[in-house]
Amino acid sequence: MTRWTPDPSFYASPRDAAAAPAETLAYVAAFDRSAQRPDAIAVVDTDPGSATYGRVVGWTDMPSVGDELHHFGWNACSSALCPTAPHPHVERRYLIVPGLRSSRIHVLDVKGDPRAPKLVKTIEAKELAAGAGYSRPHTVHCGPDGIYVSALGAGDSDDGPGGIAVLDHTTFEVRGAWEADRGDQHLAYDFWWHLTRDVLVSSEWGTPAMVEGGLVPELLLGRKYGHRLHFWDLAKRRNVQTVDLGDQYQMVLELRPAHDPSKEYGFVGVVTSVEDLSASIWVWHRAEGGDFAVTKVIDIPAEPADPADLPPALQPFGAVPPLVTDIDLSVDDRFLYVSCWGTGELKQFDVTDPFAPREVGSVRLGGIVRREPHPSFPDERLAGGPQMVEISRDGRRVYVTNSLYGAWDDQFFPDGVGAWQAKIDVDTDGGGLTLDPRFFPHGEEFRGLRVHQTRLQGGDASSDSYCFP
Amino acid sequence: MSGGQVAALAALGAFHGLNPAMGWLFAVARGMQERDRGALLRALPPIAGGHLASVAIVAAVIAATRSAVAGGVVGVAGGVLLVGFGLWRLLSQRHFRWAGMRLSAAQLAGWSFLVSSAHGAGLMLLPVLASGPAAAPGGAGHAGHAVAAGAGGALTGLAAAGVHTVAMFVVAGGLALLVYEVVGTSILRRAWFNVDRLWAAVLVAAGVVTIVAAT
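Each value, and the rule that gives it
Residues numbered from 1 in each chain as written. Chains lettered and ligands numbered in written order. Predicted model: local features only at pLDDT ≥ 70, side-chain atom pairs only at ≥ 80, totals over all residues. Helix = DSSP H or I, 4+ residues; strand = E, 2+ residues; numbered from the N terminus. Buried ≥ 20, exposed ≤ 12 C-beta atoms within 10 Å, placed from the backbone. Contact = placed C-beta atoms within 7 Å. Nonpolar A, V, L, I, M, F, W, Y, C, P; charged D, E, K, R; others polar. Axes fitted to C-alpha atoms, helices over the stretch in contact; angles between N-to-C directions. Parallel < 35°, antiparallel > 145°, perpendicular 65-115°, else oblique. Left-handed = near helix turned anticlockwise from the far one by under 90°. UniProt positions renumbered as here; feature names shortened; annotations may be inferred. Pairing = 2+ DSSP bridges. pLDDT = per-residue confidence, 0-100. Core = buried A, V, L, I, M, F, W, Y, C linked by C-beta atoms within 7 Å.

### Describing the overall build of chain B
Inference 1: Along the backbone of chain B there are nine helices and zero strands.
Inference 2: Tracing chain B from N to C terminus, the helices and strands come up as α-α-α-α-α-α-α-α-α.
Inference 3: In chain B, buried positions account for 50% of the 215 residues.
Inference 4: Across chain B, contacts joining residues at least 24 apart in sequence account for 86% of those joining residues at least 6 apart.

### Examining the overall build of chain A
Inference 1: Looking only at helices and strands, chain A has five helices and 30 strands in total.
Inference 2: Dimensions of chain A along its principal axes, counting C-alpha atoms only, are 60 × 55 × 45 Å.
Inference 3: The contacts of chain A with a sequence gap of at least 6 include a subset with a gap of at least 24, amounting to 57%.

### Re the interface of chain A and chain B
Quite often, the size of an interface is put as the accessible area lost when its parts meet.
Inference 1: Listed as interface residues are 33 residues of chain A and, on the opposing side, 27 residues of chain B.
Inference 2: Within the side of chain A that touches chain B, the residues separate by chemical class into 19 nonpolar, nine polar and five charged.

### Here's the deal with the packing of helix H3 (residues 37-68) of chain B against helix H5 (residues 105-118) of chain B
All names here are of chain B.
Inference 1: One can describe the packing of H3 onto H5 by two numbers: an axis separation of 7 Å at closest approach and a directional angle of 40 degrees. The orientation of H3 with respect to H5, classified from their angle, is oblique. Two packed elements cross with a definite hand, and for H3 against H5 that hand is right-handed. Only Ala 105, Leu 108, Ala 109, Gly 110, Trp 111, Ser 112, Phe 113, Ser 116 and Ser 117 of H5 make contact with H3, whose side of the interface consists of Ala 43, Pro 46, Ile 47, Gly 49, Gly 50, His 51, Ala 53, Ser 54 and Val 55.
Inference 2: Considering only residue class, the contact of H3 with H5 consists of ten nonpolar, eight polar and no charged.

### Focus on the environment of Leu187(A)
Inference 1: By secondary structure assignment, the location of Leu187(A) is in the loop between strand E11 (174-177) and strand E12 (191-194).
Inference 2: Separated by 87 residues in sequence, Leu187(A) and Val274(A) have C-alpha atoms that sit 19 Å apart.

### Some words on the UniProt feature "transmembrane region" (unreviewed entry) in chain B
All names here are of chain B.
Inference 1: As recorded in UniProt, the feature "transmembrane region" (unreviewed entry) lies at residues 6-27, 39-62, 68-88, 108-130, 161-183 and 195-214.
Inference 2: This span, residues 6-27, is 77% helix and 0% strand, and a straight line between its end C-alpha atoms measures 27 Å.
Inference 3: Measuring from the first to the last C-alpha atom of residues 39-62 gives 36 Å, for a span that is 100% helix and 0% strand.

### As for the pairing of strand E22 (residues 324-329) of chain A
Residues and elements named next belong to chain A.
Inference 1: Counted residue by residue, E22 has six buried out of six residues, so it is predominantly covered.
Inference 2: Sheet topology places E22 next to strand E23 (residues 335-340); five bridges connect them, and they run antiparallel. Paired with Asp 328 across the bridge in E23 is Tyr 337.
Inference 3: Hairpin connection, E22 to E23: the antiparallel pair is bridged by five residues, and Asp 333 has positive phi, about 60 degrees.

### Description of the confidence of the model for chain B
Low pLDDT means the predicted atomic positions in that stretch should not be read closely.
All names here are of chain B.
Inference 1: Of all residues in chain B, 89% have pLDDT values of 70 or greater, and the mean over the chain is 86.
Inference 2: Scored below 50 in pLDDT, residues 135-141 shows 19 contacts in the model against residues more than four places distant or in partner chains.
Inference 3: Reported for the predicted complex are a pTM of 0.94 and an ipTM of 0.89.

### Observations regarding the environment of Arg381(A)
All names here are of chain A.
Inference 1: Checked against the element boundaries, Arg 381 lands in the loop between strand E25 (358-364) and strand E26 (389-391).
Inference 2: For the pair Arg 381 and Gly 367, spaced 14 residues apart in sequence, the C-alpha to C-alpha distance is 9.6 Å.
Inference 3: Contacts of Arg 381, omitting those with residues within four sequence positions, involve Arg 371 and Pro 373.

### Points about the sheet that holds strand E7 (residues 118-123) of chain A
Inference 1: Read across the sheet, four strands follow the order E4-E5-E6-E7 (chain A) without closing on themselves; strand pairing throughout is antiparallel. Unpaired on one side and paired on the other, strand E4 (73-74) and E7 of chain A mark the two borders of the sheet.

### Overview of the packing of helix H2 (residues 24-34) of chain B against H3(B)
Residue and element names in this part refer to chain B.
Inference 1: Where H2 contacts H3, the axes come no closer than 7 Å and their chain directions differ by 150 degrees. In terms of orientation, H2 and H3 fall into the roughly antiparallel class. In terms of crossing hand, the pair formed by H2 and H3 is right-handed. Facing H2, whose interface residues are Phe 26, Ala 27, Val 28, Arg 30, Gly 31 and Glu 34, H3 presents Arg 37, Ala 39, Leu 40, Ala 43, Leu 44 and Ile 47.
Inference 2: Taken together, the residues of the contact of H2 with H3 break down into eight nonpolar, one polar and three charged.

### Quick notes on the sheet that holds E12(A)
Residue and element names in this part refer to chain A.
Inference 1: With respect to topology, four strands assemble into an open sheet ordered E12-E13-E14-E15, the strand pairing being antiparallel. Every other strand in the sheet has two partners, leaving E12 and strand E15 (238-244) as the edge strands with one partner each. Taken over all neighbouring pairs, the strand axes of this sheet differ in orientation by 25 degrees on average, direction set aside.
Inference 2: As defined by bridge partners, E12 adjoins strand E13 (residues 199-202) across four bridges and the pair is classed as antiparallel.

### Here we look at unusual backbone geometry
What you tend to see is this: most non-glycine residues have negative phi, and most peptide bonds are trans.
Residues and elements named next belong to chain A.
Inference 1: Of the consecutive residues Gly 160 and Pro 161, the connecting peptide bond is found in the cis state with omega at 0 degrees.
Inference 2: Among the structural elements, Pro 161 can be located in the loop between strand E9 (147-154) and strand E10 (163-167).
Inference 3: With a phi angle near 65 degrees, Ser 103 is a residue other than glycine that sits in the positive phi range.
Inference 4: Considering the arrangement of structural elements, one finds Ser 103 in the loop between strand E5 (94-98) and strand E6 (105-109).
Inference 5: Positive phi, close to 65 degrees, is recorded for Phe 172, a residue that is not glycine.
Inference 6: Relative to the assigned elements, Phe 172 resides in the loop between E10 and E11.
Inference 7: Overall, Phe 172 belongs to the buried group, with 20 C-beta atoms counted inside 10 Å.

### Considering the nonpolar core
Inference 1: In this structure, Ala30(A), Leu95(A), Ala165(A), Val28(B), Ala59(B) and Leu125(B) are the most contacted members of the largest nonpolar core, which totals 205 residues.
Inference 2: Top element by residues in this core is H3(B). It accounts for 15 residues.
Inference 3: In this structure Leu125(B) touches Leu9(B), Leu12(B), Val55(B), Val58(B), Ala59(B), Ala160(B) and His164(B), once residues within four positions along its chain are discounted.

### A word on H2(B)
Residue and element names in this part refer to chain B.
Inference 1: Within H2, nine of the eleven residues are buried, which leaves the element mostly enclosed by the surrounding structure.
Inference 2: Burial in H2 covers these residues: Trp 24, Leu 25, Phe 26, Ala 27, Val 28, Ala 29, Arg 30, Gly 31 and Met 32.
Inference 3: Taken from the residues just after H2, Arg 35 is the one with a positive phi, measuring 50 degrees.

### Some points on the environment of Asp159(A)
Residues and elements named next belong to chain A.
Inference 1: Relative to the assigned elements, Asp 159 resides in the loop between E9 and E10.
Inference 2: Separated by 48 residues in sequence, Asp 159 and Thr 207 place their C-alpha atoms 5.3 Å apart.
Inference 3: Among all residues touching Asp 159, those that are not within four sequence positions of it are Gly 153, Ala 154, Thr 207 and Ala 209.

Below, the structure written as structure tokens:
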């Protein structure tokens, strides 16, 4: 049903969105690695005035088992105000929740009772394969003419090419593959865009065969994982430029374009360099002549460690790689948050000048060797590390969860990764991070499931795109 | 055209100009993107041109048909079409789809033509065009006369589309400048009334009026 006035969670500009009210609920993807019980969307109370603050207050099971819920997104967001095909009176109401392993896509309605999302539709793997030729759906973005969902694999195989499927805005039917001409793009992972510039950017991880059994050392050392960025004409759906970061830079993952639509740069994280196990952050930007260039702006070195403290996969190296596997940019484009899952650290950089980031904050939790506890539970050594990171629209609160991907969790934390979500308060003046001592749902709070992406009620820093500066 | 017709055409033009989806918001976005009011102003003529083309085709067809065909037929058939289209717009969840914001002036005119056509902008003029005297007496015996009458009717239709579009252009341009220069786009989330629903209701009402007038 359409509304008479725009959905109040839509904002014309990132500046307006930064003035949005604080979220009172967070939705968290939770999955059962053993595939014995259904995965779920957990609902966490984020209202500091509530008696159940920091507790799981809602829970919606998926209809099957073995989905591996991972990333998810909204049916509609602020891009609905974009002027070429505006539809501001639709509701931000449905969560589009893919199963990364099962290739099912679930649609959950959060309107009736936001604490009890209701399943309203399931797109089966075979529908996604038949309609778009893809499998292993990953990133969801509310696009200008439909819901865009990236996918790691081809429809009926464990191989590529991965790409982007488009779902209908309203019926959620699979409309088809997005690409008109993919060029030599084969590996897929994340995507996002500069809507007002007709640019879509996509990154590379690996095909299902390369990732579903865990990180394969031979493929990594053979430099076979993704190391390129693709720039597409968003209107013509063509791959117009590919930039190779260098094949030592393995696994080019999360893409965070500037929210300001008059800017044309963004950040991307590289998991690891095979030369020294460092992680890195790069900026894409328009170079002279109009093509995109990609420039490395942050290096995060590996930390030396006693092999006895390391899981078998890392013992030959005698070091812990930071394994940067998620980054997030605040809505005002000022602070970039970098999850170092391996070393157990969330770093905050002031990126007012995107080419000269300054580290201004850090929080330690978990980590392969350190196992840093949460200050409120000092006796509990934590496994996993800050991984998925989500920022409130006003930039004052940051939420992190600790599971990366089932198969990787098992490799790097063979004694179990556990499950926790932490909230970090941000000093938005000069930078600086403080763990909220009252907010730490963990352990049995998540009923034995692992937790991945967080989405905040009404939108967050990685859910919305804007067409007005 | 009678004075009443001109006024009605202008009022409908103002109504179309008011709708952010018809183009003024796109002009604002272009101005803001370039941080240049000139970009906003340059976007308006192609938007009005595309709207004019969309409306003129429908208006010319209606007026020409009306000159050549017996009076009530156009009103009834057109009215039924209008009611049906309006109901479809009202009940359908679908909305105009488009990807791409970097458009040349010609592409911008094309976009405006498509968005106006998809919304049935021209159809909304039906009751006005069907109400006044036809350009030449219809139902005359031989074919040559009917063709000439049809051509005269089409000209009336084009004139009507012109009046309509001038009003649309003035209102759209005024709103674009007001939002760009004074109030800012934050007004959108408060003041963007669901024009689409109203629009569909107007289409249905216009169809009913046309049918009643013709019978």
